[in-house]
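# Breakdown of the fold
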Amino acid sequence: MSGSIFSEIQNRIKNAEAGTIFVTSDFTDLASNTTVRKSLGRLTEDHTIRRIIDGVYEKPVYSKLLDEYIPPDPDKVAHALARSYHWTIAPCGDVALNQLGLSTQVPVVWSYISDGPYRKFKWDKITLSFKHRANRQISLMSDKTSLVIEAIRTYGKDNIDDTAVSILRNRFTEAERKEILEEAVGTSEWIYRVIKRMCE
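Reading the values: the criteria
Residues numbered from 1 in each chain as written. Predicted model: local features only at pLDDT ≥ 70, side-chain atom pairs only at ≥ 80, totals over all residues. Heavy atoms only, no water. Core = buried A, V, L, I, M, F, W, Y, C linked by side-chain atoms within 4.5 Å. Buried < 20%, exposed > 50% of the residue type's maximum accessible area, 1.4 Å probe, protein only. Contact = heavy atoms within 4.5 Å. Helix = DSSP H or I, 4+ residues; strand = E, 2+ residues; numbered from the N terminus. Polar contact = N/O pair within 3.5 Å; in protein donor to acceptor, adjacent residues only side chain to side chain. Patch = residues over 30% accessible without salt bridge, like charges linked within 9 Å, V, L, I, M, F, W, Y side chains within 5 Å. Areas by Shrake-Rupley, 256 points an atom, 1.4 Å probe, with all protein chains shown as cover. Salt bridge = Lys/Arg side-chain N within 4 Å of Asp/Glu carboxyl O. Pairing = 2+ DSSP bridges. Axes fitted to C-alpha atoms, helices over the stretch in contact; angles between N-to-C directions. Phe/Tyr/Trp six-rings, centres within 6.5 Å; stacked < 30°, edge-to-face > 60°. Lys NZ or Arg CZ within 6 Å of the ring centre and 35° of its normal.

### Brief notes about the nonpolar core
Formed by 23 residues in total, the largest nonpolar core has its most connected members in Leu 100, Val 148, Ile 152, Ile 195 and Met 198. Not counting the four nearest positions on each side in its chain, Met 198 is found in contact with Val 148, Val 165, Leu 168, Arg 169, Phe 172, Arg 177 and Ile 180. Counting 19 residues, the second largest nonpolar core, distinct from the first, contains Ile 52, Trp 87, Tyr 112 and Phe 130.

Shown next as structure tokens:
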């Protein structure tokens, strides 16, 4: 393994923010997959990064207050996996509710819809679940629109009230709400009615 390649990989990680999640393919512009894995293995051994699951690493965040390393952000790991596998994903279930302020409950399972296959990944006490959806349901929408649709779907047709609609309305600018309304045209009729209320 070339020392210059190792140094390039090391420097890229060194210049990244603490908490950044890396996948093997993030470095394949520098070297072969095998060489990248060997380099990341060395950097794991010297504690520059830590391995979360196979092929996924983090530049860890150290908390002086807690005097320990903070656990990796599951949402960042989900998006790193999506980048690695070339999936389009969007949060669903409790993750979508949590991200939009409709729930303060920390998800037990971090769930995402994906145009890839059904997959589950586990580390420590965290489970990431990817649920397959038709490509057209997510790839033609912005992340914001997919997130809003999934949050409304999870909240439930009979549970959406004025408070929930108000929370959603206040999360986005007028321009963003207009974009969401335009992109969500093909979604379920009842979800679209909620989005129209959100945009009023």
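### Overview of the environment of Arg 50
Along the chain, the position of Arg 50 falls in strand E2 (residues 50-53). At 2.7 Å, the side chain of Arg 50 and the side chain of Glu 58 are in polar contact. Polar contacts involving the side chain of Arg 50 include one to the main-chain carbonyl oxygen of Ile 70, which spans 2.3 Å.

### Let's talk about a nonpolar patch on the surface
Residues Leu 65, Leu 66 and Ile 70 make up a contiguous nonpolar surface patch of roughly 340 Å² in combined accessible area. Mapped onto the elements, Ile 70 comes out in strand E5 (residues 68-70). On the basis of relative accessibility, which here comes to 35%, the residue Ile 70 falls in the partly exposed class.

### Concerning the sheet that holds strand E7 (residues 109-114)
The four strands are arranged E6-E7-E9-E8 in an open sheet whose pairing can be described as mixed. In this open sheet, the two strands that pair with only one neighbour each are strand E6 (89-91) and strand E8 (119-123). When the angles between neighbouring strand axes are averaged without regard to direction, this sheet yields 25°. Running at roughly 45° to strand E9 (residues 126-132), helix H3 (residues 74-85) makes contact with E6, E7, E8 and E9 of the sheet.

### Topic: the packing of aromatic side chains
Counted by the stated rule, this structure contains seven aromatic pairs. Ring centres 4.8 Å apart and planes at 20° place the aromatic pair Tyr 85 and Trp 87 in the stacked group. When the centroid spacing of 5.9 Å and the interplanar angle of 85° are considered together, the rings of Phe 121 and Phe 130 count as edge-to-face. Of the aromatic side chains, those joined through ring pairs into one cluster are Tyr 85, Trp 87, Tyr 112, Phe 121 and Phe 130. Lying across the ring of Phe 6, Arg 42 places its NZ or CZ 3.6 Å from the centre.

Function cannot be read off these values alone, since they describe shape.
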